[in-house]
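What the coordinates show
Given next are the chains, with one letter for each unit.
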Amino acid sequence: MTKEENKEKIKKGLYCLVEIIIGIVLIFATESFLNSINYLFVVILSLIGIVRLITFVMDKEYEKGNYTPLVTCIICFWLSLFIYKYGNFLFIELLPSFVSLLLFIVSTGLFAKYFEFKFIPYLVVAIISIVLGIVLIFAPSTIMYTLFKVTGVYLVLVTLFDLISSKIKKYYKSNTNK
């Protein structure tokens, strides 16, 4: 396996892992859970800001004229304050839009695979992704948590479908080349 193939395999694995994590988060999404994630982001960004500030001072980056760690520190602190103040809005009101965007990105990859392999299930799943993405944008907030659960299950299933179908394709490809 070449270095490029290894990098692509790692990227695909990370992409699948992120999709599954987002799917699981959506499955268990409640208002209190999303608020907890809000505070988790505040803590993580604050810690990153502190580490970057310590790095800036300890490595004497100011003597080298490198202010990148300081700028990163300030941005992280600002983002943590912003999320602390507006986190409920971000994670409860904007999350459907972000998930919708993710579904559109997933559909783009599925359309590309359909055109490459002419495998009808890719087309069907891509169309479902687009429809679900549109529904998430225009659905009333009263049914949003139900839609989150449906979308979470859908994302996990699509990721598993993608992994299984790529393994099957590799298997058939390797057996037809013999």
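Our subject is the structure that appears above.
Treat the numbers as computed from the prediction; the structure is a model and nothing was measured.

**Comments concerning the overall build of the protein**
- When helices and strands are tallied, the protein shows seven helices and zero strands.
- Counting from the amino terminus, helix and strand elements in the protein follow one another as α-α-α-α-α-α-α.
- The C-alpha extent of the protein, read off along each of the three principal axes, is 60 × 50 × 20 Å.
- If you take every contact in the protein between residues at least 6 apart in sequence, the share linking residues at least 24 apart comes to 71%.
- Approximately 11700 Å² of the protein is accessible, and the part contributed by carbon and sulfur atoms is 74%.

**Quick word on a nonpolar patch on the surface**
- A contiguous nonpolar patch, built from V43, L47, I50, L53, I54, V57 and M58 and spanning about 640 Å² of accessible area, is present on the exposed surface.
- By the secondary structure assignment, V43 is in helix α2 (residues 31-58).

**Overview of the pattern of salt bridges**
- Following the criterion strictly, the structure yields three salt bridges and no others.
- With a shortest N-O distance of 2.8 Å, D162 and K12 are connected by a salt bridge. With D162 in helix α7 (residues 144-176) and K12 in helix α1 (residues 3-27), this residue pair connects regions lying 150 residues apart in the sequence.
- Looking at D162, the relative accessible area reads 10%, which means it is buried.
- Where D162 meets K113, a salt bridge forms, and the shortest distance between an N and an O atom there is 2.4 Å. Here K113 lies in helix α5 (residues 95-117) and D162 lies in helix α7, a separation of 49 residues in the sequence.
- Through salt bridges that share partners, K12, K113 and D162 make up one connected network.

**Quick look at the state of the cysteines**
- Summed over all chains, the structure comprises zero disulfides.
- Considering cysteine sulfurs only, C76 is the nearest to C73, which forms no disulfide, with 7.4 Å between them.
- Relative accessible area serves as the criterion here: at 8%, C76 is assigned to the buried category.

**Some thoughts on the packing of α5 against helix α6 (residues 120-138)**
- Running from amino to carboxyl end, α5 crosses α6 at an angle of 165°, the nearest separation of the two axes being 8 Å. With respect to their mutual orientation, α5 and α6 come out roughly antiparallel. Two packed elements cross with a definite hand, and for α5 against α6 that hand is left-handed.

**Focus on the packing of aromatic side chains**
- Following the criterion strictly, the structure yields ten aromatic pairs and no others.
- On the numbers, 5.1 Å between centres and 15° between planes, the contact of W78 with F82 is stacked. Of this pair, W78 and F82 are both found in helix α4 (residues 68-93), four residues apart, which corresponds to roughly one turn of the helix.
- Here F82 and Y86 contribute two aromatic rings whose centre-to-centre distance is 5.1 Å and whose plane-to-plane angle is 50°, an arrangement assigned as tilted. Of the two residues, F82 and Y86 both sit in helix α4, four residues apart, roughly one turn of that helix.
- With a relative accessible area of 42%, Y86 lands in the partly exposed category.
- Through pairs of rings, three or more aromatic residues link up here, namely F117, F119, Y122 and F161.
- Directly above the aromatic system of Y86 lies the positively charged group of K85, at a separation of 5.8 Å from the ring centroid.

Criteria and thresholds
Residues numbered from 1 in each chain as written. Predicted model: local features only at pLDDT ≥ 70, side-chain atom pairs only at ≥ 80, totals over all residues. Heavy atoms only, no water. Helix = DSSP H or I, 4+ residues; strand = E, 2+ residues; numbered from the N terminus. Contact = heavy atoms within 4.5 Å. Areas by Shrake-Rupley, 256 points an atom, 1.4 Å probe, with all protein chains shown as cover. Patch = residues over 30% accessible without salt bridge, like charges linked within 9 Å, V, L, I, M, F, W, Y side chains within 5 Å. Salt bridge = Lys/Arg side-chain N within 4 Å of Asp/Glu carboxyl O. Buried < 20%, exposed > 50% of the residue type's maximum accessible area, 1.4 Å probe, protein only. Disulfide = S-S within 2.5 Å. Axes fitted to C-alpha atoms, helices over the stretch in contact; angles between N-to-C directions. Parallel < 35°, antiparallel > 145°, perpendicular 65-115°, else oblique. Left-handed = near helix turned anticlockwise from the far one by under 90°. Phe/Tyr/Trp six-rings, centres within 6.5 Å; stacked < 30°, edge-to-face > 60°. Lys NZ or Arg CZ within 6 Å of the ring centre and 35° of its normal.

These figures capture arrangement, not role.
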